[in-house]
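Listed below are the residues making up each chain.
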Amino acid sequence: MAKKIWTSIRLVLMTIFSFLFFVVLLVFIQSNGEEGAGIELFGYTSFTVLSNSMEPTFHAGDVIIIEQNEDVRNGDVVTYMTPERRLFTHRIVGEAREDGKTFYTTKGDNNSIEDRLPIVDEQIVGVHRFTIPKIGLISESIQNNVDMRYVVFIPLVIFLIITIMEFTQRKHKKPEEEQLYEKEST
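Residue positions are given per chain, counted from 1 along the sequence in the order it is written. Under the rules for a predicted model, residues below a pLDDT of 70 receive no local features and side-chain atom pairs below 80 are neither given nor counted, while totals for whole chains, interfaces and linings still include all residues. Computation of side-chain values covers all heavy atoms of the structure but excludes hydrogens and water.

Colleague: With reference to specific residues and values, describe the pattern of salt bridges.
Modeller: Pairing between side chains becomes possible if they bear opposite charge and their charged atoms approach one another. A side-chain nitrogen of Lys or Arg and a carboxyl oxygen of Asp or Glu constitute a salt bridge if their distance falls within 4 Å. Evaluation of the coordinates by the stated rule reveals three salt bridges. Close ionic contact of Arg 129 with Glu 67 constitutes a salt bridge, the shortest N to O distance being 2.7 Å. Linking Arg 129 in strand β8 (residues 124-132) with Glu 67 in strand β3 (residues 63-67), this pair joins segments that are 62 residues apart in sequence. Relative accessibility under 20% of the residue-type maximum defines a buried residue, over 50% an exposed one, and the middle range a partly exposed one, all with a 1.4 Å probe and only protein chains included. The class for Arg 129 is partly exposed, based on a relative accessible area of 38%. The exposure class of Glu 67 is partly exposed, given its relative accessible area of 23%. Measuring nitrogen to oxygen at the nearest pair gives 3.4 Å for the salt bridge that ties Asp 71 to Arg 73. Helix and strand definitions follow DSSP, with helices as H or I runs of at least four residues and strands as E runs of at least two, each counted in order from the N terminus.

Here's what the structure looks like:
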């Protein structure tokens, strides 16, 4: 009976620990200082969508994953940086070559007009690969409303408690197993 209770408690604690670990990981991935941008990992970067200019492709609060890619074409959704150091994610709707340089015209899927200025290859941060719906809203809410010390501290304490309990349980089991072995061998 006690073993079933301990197993249930351990399962609940590990579930809480796993959930909190995921939350910490999510917040870490979405917070490296640039507005709405996550860390770069294996050539991919995550960004939180801040406006609805690309609806219905994705919505404000979605997290998009972009891949650094130098081969872009008409129809690709790209994230680019303006000369003012602002990031936008819009679709390439046209391209023109002038003096050996390619200029791309962009437009948000939900916008009625094209963006005012064309972009060049050097401005393109990456190409959209996939979207994680609404996860950016969760990350932002956690960052704004939860003290991060507790989000890190609670999973660590849970992990230590589980580790200590398993260690003491193994320590108590070992003499019992040795006695059982001795009885079987005689």
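Anyway, onward from the coordinates.
Colleague: An account of the pairing of strand β2 (residues 44-48) is requested, with residue identities and associated values reported.
Modeller: For β2, the tally of buried residues reaches four of five residues, placing the bulk of the element in the interior. Criterion used throughout: strands pair if DSSP finds at least two bridges between them. Examined bridge by bridge, β2 and β3 share five bridges and lie antiparallel to one another. Residue pairing in the sheet places Ser 46 in a bridge with Ile 65 of β3.

Colleague: Residue-level account of the environment of Ile 135, with values.
Modeller: Along the chain, Ile 135 turns up in helix α2 (residues 135-145). A C-alpha to C-alpha distance of 6.7 Å links Ile 135 and Gly 61, two positions 74 residues apart in sequence.

By themselves, these are just geometric observations and shouldn't be taken as functional.
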